[in-house]
Amino acid sequence: MVETATQIPASIAASTPEKVGLLRVLGPAHVWALGVGIVLVGEYMGWNFAVGKGGAYAALIACWFAGVLYTCVAMIDSEVTSTVAAAGGQYTQAKHIVGPLMAFNVGLYLVFAYTMLEAANAITVGFLVDTVAVMTGHDGLDQRPFIILAIMFLAWLNYRGVLATLSFSLVITAIAFSAIIILFVATAPFMGESPLRHAELMTDLPYGWLGVLASMHFGLWYYLGIEGTTQAAEEVRSPARALPFGTLAGIITLLIAATLTWYVCVGLMPWEYLGQAGVPLFDAARLSGSTFLMVLLGIGTLFATLASANGCICDASRAWFAMGRDHYLPSWFGAVHPTYRTPYRSIIFLVPIALIFALGAPLDQVITFSILSGLLEYTFMPLNVILFRRKWPLDTIKRGYEHPFHPIPAIVLLCLCGVAFFAVFLGYGTQLVAMVSFYVIVSLWFHFWRYRFVSRAAQFSMPWPRPAGY
């Protein structure tokens, strides 16, 4: 006779804890909001440092260069993640396709890329509040309370639940994107008399083609974080449909927003000023002569930074949580809140790290830290997708999306990452060497100490034919 659940002694049943998992509550719009919400702040600040490196035309070349790079990232991510639909995104992909050491490093790249981006957003919130205070006659405002308040409020929102978090991001991201469109339409020549002065302000390349190469580094800021759509894959209702749709719609949205942002800003500000502005779109709205546009883009800047920091907390905590659940990190981080169903310990743990960098590091250094971590992650993607297609060809497992022209996107991505690394080295060589050294040291720590706690066979959670080694 087969024993049923009702025949299990009550004492044993009571001692068996119920496994608590993440909730599947997200749809395609939430995926779009997560990806675009993280990245849209790159249109409101940071990208303009590319103008300072090489001039306005160099920044446009960097914008489209980065657009090609991130289109490859979005296509590759859409295929793999529509199949490997688990928390951790690229970390989980590497765990199944390449191996533990690669997975550990990719997980760290993700956490630091998003945590540094979160810190950069908080710095921008403080700078924006200070700018508005100066405009209203309140000079000398302390930015630190606003930086701390922004991070703590968004961490609390993430702690309370992913649906509320990303619904909040969806609304404010839509408003911030609409503000860019309205600014473009209101200042465009086809609307009548336009304040844009491209003929007067546009110059040739002030530093030649070397300046173009140097500007590539900050061109990535237009799109950095779109790959974050994969981090909440375990909380999406229909990953095979929603993840590719949200990711690809997101990169299209960002390509449009990036080009419009460049066009408006270089038509309103001299490149020398634009290249060091803290909030370029807000400054552009101020120079347009319209109070309505100034207020709208001020709100847009605030909403873009909050949406980005909100998504960064969500993504970084999911990567950290997934690594804890798989014992790459102490399993204490792999806990899920019994009521809110969020990785609450990972959320709380990463808050002080973001605060340290937000309160103690310059904005361009924090941006560079985030960009370099992202670049290291993108460099792994070509190897990942090539091995994925080799181990599991198209006819062996079901995919929600198949990226076209394989392996061309992987090869193009690898080449563009190489160019971007060289561009970063030109301006931030010391930081590049320091970061690579840091990742080498923690890799050695994982290999010689932490790997003993990892059960590789237990990590393979996909219903696929298992390759050798599992």
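Small disclaimer: the values here were computed from a predicted structure and weren't measured. (Residues numbered from 1 in each chain as written. Predicted model: local features only at pLDDT ≥ 70, side-chain atom pairs only at ≥ 80, totals over all residues. Heavy atoms only, no water.)

A. Just the nonpolar core, in detail. Within the largest apolar cluster, 156 residues are counted, with the highest numbers of intra-cluster contacts made by Tyr70, Tyr223 and Tyr378. The leading source of residues in this core is helix H7 (residues 100-135), at 16 residues. When near neighbours in sequence (up to four residues on either side) are disregarded, tyrosine 223 contacts Val39, Cys63, Ala66, Gly67, Tyr70, Ile251, Leu254, Leu255 and Ala258. (Core = buried A, V, L, I, M, F, W, Y, C linked by side-chain atoms within 4.5 Å. Buried < 20%, exposed > 50% of the residue type's maximum accessible area, 1.4 Å probe, protein only. Helix = DSSP H or I, 4+ residues; strand = E, 2+ residues; numbered from the N terminus. Contact = heavy atoms within 4.5 Å.)

B. Representation of the pattern of salt bridges within the structure. Tallied over the full model, the rule gives eight salt bridges. A salt bridge links arginine 144 to aspartate 142, with the shortest nitrogen-to-oxygen separation between them at 3.1 Å. For aspartate 142, a relative accessible area of 35% gives the class partly exposed. A salt bridge links arginine 318 to glutamate 235; the shortest N-O distance between them is 2.9 Å. Of this pair, arginine 318 sits in helix H15 (residues 291-325) while glutamate 235 is found in the loop between helix H11 (208-219) and helix H12 (239-266), placing the two residues 83 residues apart along the sequence. A relative accessible area of 0% means that glutamate 235 is categorised as buried. Members of the salt-bridge network, linked through shared partners, are Glu79, Arg389 and Arg399. (Salt bridge = Lys/Arg side-chain N within 4 Å of Asp/Glu carboxyl O.)

C. Here's a closer look at a nonpolar patch on the surface. There is a patch of nonpolar side chains on the surface, built from Leu210, Phe422, Phe425, Leu426 and Val433 and spanning about 490 Å² of accessible area. Counting residues per element, the nonpolar patch draws most heavily on helix H18 (residues 408-448), which supplies four residues. By the element assignment, leucine 210 lies in helix H11. On the accessibility criterion, leucine 210 (57% relative accessible area) is exposed. (Patch = residues over 30% accessible without salt bridge, like charges linked within 9 Å, V, L, I, M, F, W, Y side chains within 5 Å. Areas by Shrake-Rupley, 256 points an atom, 1.4 Å probe, with all protein chains shown as cover.)

D. Representation of the packing of aromatic side chains within the structure. According to the stated counting rule, one finds 32 aromatic pairs in the structure shown. Plain terms: the ring middles of phenylalanine 112 and phenylalanine 369 are 5.7 Å apart, the flat faces sit at 10 degrees to each other, and that makes the pair stacked. Of the two residues, phenylalanine 112 sits in helix H7 while phenylalanine 369 sits in helix H17 (residues 363-391), which places them 257 residues apart along the sequence. Aromatic ring contacts, followed pair by pair, group Tyr91, Phe104, Tyr328, Trp445, Phe446 and Tyr451 into a single cluster. (Phe/Tyr/Trp six-rings, centres within 6.5 Å; stacked < 30°, edge-to-face > 60°.)

E. Spatial organisation of the environment of tyrosine 91. Within the secondary structure layout, tyrosine 91 lies in helix H6 (residues 90-97). Taking the relative accessible area as the measure of exposure, tyrosine 91 reaches 0% and is therefore buried. Distance from tyrosine 91 to glutamate 377, taken between C-alpha atoms, is 9.4 Å for residues 286 residues apart in sequence. The contacts of tyrosine 91, once residues within four sequence positions are left out, are Ala103, Val106, Gly107, Leu110, Ala322, Met323, Asp326 and Tyr328.

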